[in-house]
Amino acid sequence: MNEKKKFGELLIEKKIITTAQLEEALKKQKELELPLGETLIKLKFVSENFLLETLARHLGCEFLNIAEDDYKILDKSLVKVIPMEICHKLRVLPLFQIIDDETKQLTLAMADPLADYAVKEVEELTGCSVSPILTTSAAIEGGINKLFDVKVSVAKAATMEEDSDTIKLVNKILLNAVNLRASDIHIEPHAEEVHIRMRIDGVLQLVMAIPSSQHPAIVSRLKIMGSEQKSVMKIEEKRLPQDGSLSRAIGGHAVDCRISTLPTIRGEKIVMRLFDKDRATHVGRIAGLKMSPRMELEFRRCVRQPNGIIIVTGPTGSGKTTTLHAVINEINDVGINIITVEDPVELNAPNYINQSSLIPPAGYTFGRALRAIMRQDPDVILIGEIRDRETAEIAVQAALTGHRVYTTLHTEDAAGAVMRMIDIGVEHFLVSSTLVSALNQRLLRKICPYCAEEYVPMRVEMADIGIDNHVIEEILSNPDKYKLRRGAGCSACRQTGYRERQGVFEMLTVTPEVRNMILQKQNSDVISEKTRESQSMNMIFEEGLRLVLSGVTTLGEMQRLPRGDYKMKSVERIFLDSQIA
Ligand SMILES: [Zn+2]
């Protein structure tokens, strides 16, 4: 009774209800046998959300509007912690429990957070400190029913037969991913089912949908698999993100896999990133990059320079690492010492190439790795990425002292690499004297060869992408010369019309002319513009169009390419500048 009085007084104090309303509610409450708050809601003196949110804020606890769907987040292992009768009696619903070396904590949904006796009783019963969350009586009743009903199916899931079904299902997911050449697997709990999407050629596709009831078992199985190496993934911990990793032979491929979990309102979402080591050995050489003939010739000349820096630019997932590995595969020789430092090593290189994987938590950073590498008698150093001044300075030092350095940066275009090095803190004269070339790249999906068809594009389709009018005119007035293709969709490409990807490039060679422009502190637009003429450089957008008109990819894929603010060359010129002069 005491608590209830305090509760009522608080509401009057907060001007949520009047004294008269409180008196009426207290009278009615005895009839209804409901907590005071709910009685006030029944009497329509106050709205439920407003009351609970205000109260929660005042008490410094959270208000959770538990809906039917949210019952899926209930931790079924908690049925052993508090018996159902106690939950009903105290009108509480256990939500999460965290037990580790330091904490023993139970998050408890309560209809009346002022019921101190309930908190005390649960604390005594469980030995955990209780952190209360405010919710409605209806939500608690529904939650209790759900939690204890589910107990039956959980017990069933624990039988050997269902366990092996889960193992089979998880293996099937992994095998599917390898067969479909997926880079990532997403396991997402939704209201009705669990969706399994896979990133294939850079785009997510829905591959499987399975009943929600199987989600907890899949998550548990993956957590067990993810704990086989360095990290331990806790099955009971569903409230915090976790990481793990595994190595398996899947469908005849050696696959490394990083697993991460994210608590969502519908349960844990799992993402697995796959590294297919066997596919990695097929990276091949520079010819496999499919650059234009002119660019490939120039790029080969650059990578054979005895010293200097070559930078590959582009966003994450644009194939930069693959390009650099193609380069070191190409130059690999018993006569030289090639060392890589990567975060982490994703592709396994052949003999004579020494790969070092960073471990940042242990203090093994790019800076530290590079200082060690300089004492390892290197000829060629591959630095996974330049992120800071220290790494940039060591790269420059290495180049100045007669080494070849290959690395990557995140920039929009090739000339942007110059500016980024300067922004990071490298002097203009050091950039101009060490940089050999900058290569900008993206990956475009190739048209599926099994369902490719020719079509005549609409003017607006090309204009929307940013193709200049004079270029559109040129394409439309030469329908026999410039043909566009697209994939109609078939079983080989899962109806997407695309199969595998190919790089598209833009390359800037640091000639004496470019060196001067860097020293004169010209910006990247000026450098690009001058180079377009003197080096016959095609911008990446123009190279993309060349691939479209060569039937490799589609107009739609060009939307992945930065357009830039320049007047496009004629199609004829673009093709001419792709050929060896
Ligand atoms: Zn197809």
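The structure displayed is predicted, hence computed values, not measured ones.

**Considerations on the confidence of the model for the chain**
As a general rule, the predicted coordinates of low-pLDDT regions are not to be interpreted in detail.
Phase 1: Averaged over all residues, the pLDDT of the chain equals 88, while 95% of them reach at least 70.
Phase 2: In the model, residues 150-160 has pLDDT below 50 throughout and makes seven contacts with residues more than four positions away in sequence or in other chains.

**Looking at the packing of aromatic side chains**
Phase 1: Tallying each qualifying case throughout the model produces one aromatic pair.
Phase 2: Ring geometry for Tyr 482 against Phe 575: centres 6.3 Å apart, planes inclined by 20°, an arrangement best described as stacked. Pair noted here: Tyr 482 is in the loop between helix H18 (469-476) and strand E18 (484-487) and Phe 575 is in helix H22 (residues 571-576), with a separation of 93 residues, a long-range link.
Phase 3: The partly exposed category is assigned to Phe 575, whose relative accessible area is 24%.
Phase 4: In this arrangement the basic side chain of Arg 486 is found over the ring face of Tyr 455, its NZ or CZ atom lying 4.0 Å from the centre.

**Thoughts on the sheet that holds strand E12 (residues 338-342)**
Phase 1: Taken in spatial order, the seven strands make up an open sheet running E13-E12-E14-E15-E11-E16-E19, and their pairing is mixed. In this open sheet, the two edge strands, each paired with only one partner strand, are strand E13 (353-357) and strand E19 (498-509). For this sheet, the mean inter-axis angle between neighbouring strands, taken without regard to orientation, is 20°.
Phase 2: Pairing of strand E11 (residues 308-313) with strand E16 (residues 435-447) involves five bridges; the strand directions are parallel. Counterpart to Thr 313 in the pairing with E16 is Asn 440.
Phase 3: Sheet strands in contact with helix H14 (residues 389-400) are E11, strand E14 (380-383) and strand E15 (404-409), and its direction is about 135° off that of E11.

**Here we look at the coordination of the zinc ion**
Phase 1: Donor atoms from the polypeptide that coordinate the zinc ion comprise Cys 448 (SG), Cys 451 (SG), Cys 490 (SG) and Cys 493 (SG), at 2.3 Å from the metal.
Phase 2: Every donor counted, the four donor atoms about the zinc ion form angles of 108 to 112° at the centre, which fits tetrahedral coordination.
Phase 3: Binding-site remark: the zinc ion is held by donors from one chain whose sequence spacing is C-x2-C-x38-C-x2-C. Here the residue Cys 448 occupies a position in the loop between E16 and strand E17 (452-455), and Cys 490 occupies one in the loop between E18 and E19, the gap between them amounting to 42 residues.
Phase 4: Assessed through its relative accessible area of 0%, Cys 448 is described here as buried.
Phase 5: A residue is classified by how much of its surface remains accessible, and Cys 490, at 15% relative accessible area, is buried.

**Things to note about the side chain of Ser 212**
Phase 1: Within the secondary structure layout, Ser 212 lies in the loop between strand E7 (203-211) and helix H9 (215-226).
Phase 2: By relative accessible area, Ser 212 is classed as buried at 17%.
Phase 3: Filtering out sequence-adjacent residues up to four positions away, Ser 212 remains in contact with Lys 72, His 190, Ala 191, Glu 192, Glu 193 and Val 194.

**Digging into the sheet that holds strand E6 (residues 193-200)**
Phase 1: Taking strand neighbours across the sheet as the criterion, the six strands line up as E7-E6-E5-E10-E9-E8 in an open arrangement whose pairing is antiparallel. This sheet does not close on itself; its edge strands, each paired only once, are E7 and strand E8 (242-250). Shown here is a sheet whose adjacent strand axes are inclined to one another by a mean of 20°, direction ignored.
Phase 2: Relative to strand E10 (residues 267-276), strand E9 (residues 253-264) runs antiparallel, the two sharing ten bridges. Note that in E10 the partner of Ser 260 across the bridge is Val 271.
Phase 3: Along the sheet face, H9 touches strand E5 (182-189), E6, E7, E8, E9 and E10 and points at about 80° away from the line of E8.

**Quick notes on the environment of Glu 506**
Phase 1: Residue placement: Glu 506 occurs in strand E19.
Phase 2: Among the residues examined, Glu 506 registers a relative accessible area of 1% and is labelled buried.
Phase 3: Taking the C-alpha atoms as reference, Glu 506 lies 57 Å from Gly 60; in sequence the two are 446 residues apart.
Phase 4: Ignoring sequence-local partners within four residues, the contact set of Glu 506 consists of Met 295, Asp 413, Ala 414, Ala 438, Leu 439, Asn 440, Met 537, Asn 538, Met 539 and Ile 540.
Phase 5: Separated by 3.0 Å, the side chain of Glu 506 and the backbone nitrogen of Ala 414 make a polar contact.

Criteria and thresholds
- Residues numbered from 1 in each chain as written.
- Predicted model: local features only at pLDDT ≥ 70, side-chain atom pairs only at ≥ 80, totals over all residues.
- Heavy atoms only, no water.
- pLDDT = per-residue confidence, 0-100.
- Contact = heavy atoms within 4.5 Å.
- Phe/Tyr/Trp six-rings, centres within 6.5 Å; stacked < 30°, edge-to-face > 60°.
- Helix = DSSP H or I, 4+ residues; strand = E, 2+ residues; numbered from the N terminus.
- Buried < 20%, exposed > 50% of the residue type's maximum accessible area, 1.4 Å probe, protein only.
- Lys NZ or Arg CZ within 6 Å of the ring centre and 35° of its normal.
- Pairing = 2+ DSSP bridges.
- Axes fitted to C-alpha atoms, helices over the stretch in contact; angles between N-to-C directions.
- Donors = N, O, S within 2.8 Å, 3.2 Å for Na, K, Ca; no water.
- Tetrahedral: all angles 85-135°; square planar, octahedral: opposite > 155°, others 65-115°.
- Polar contact = N/O pair within 3.5 Å; in protein donor to acceptor, adjacent residues only side chain to side chain.

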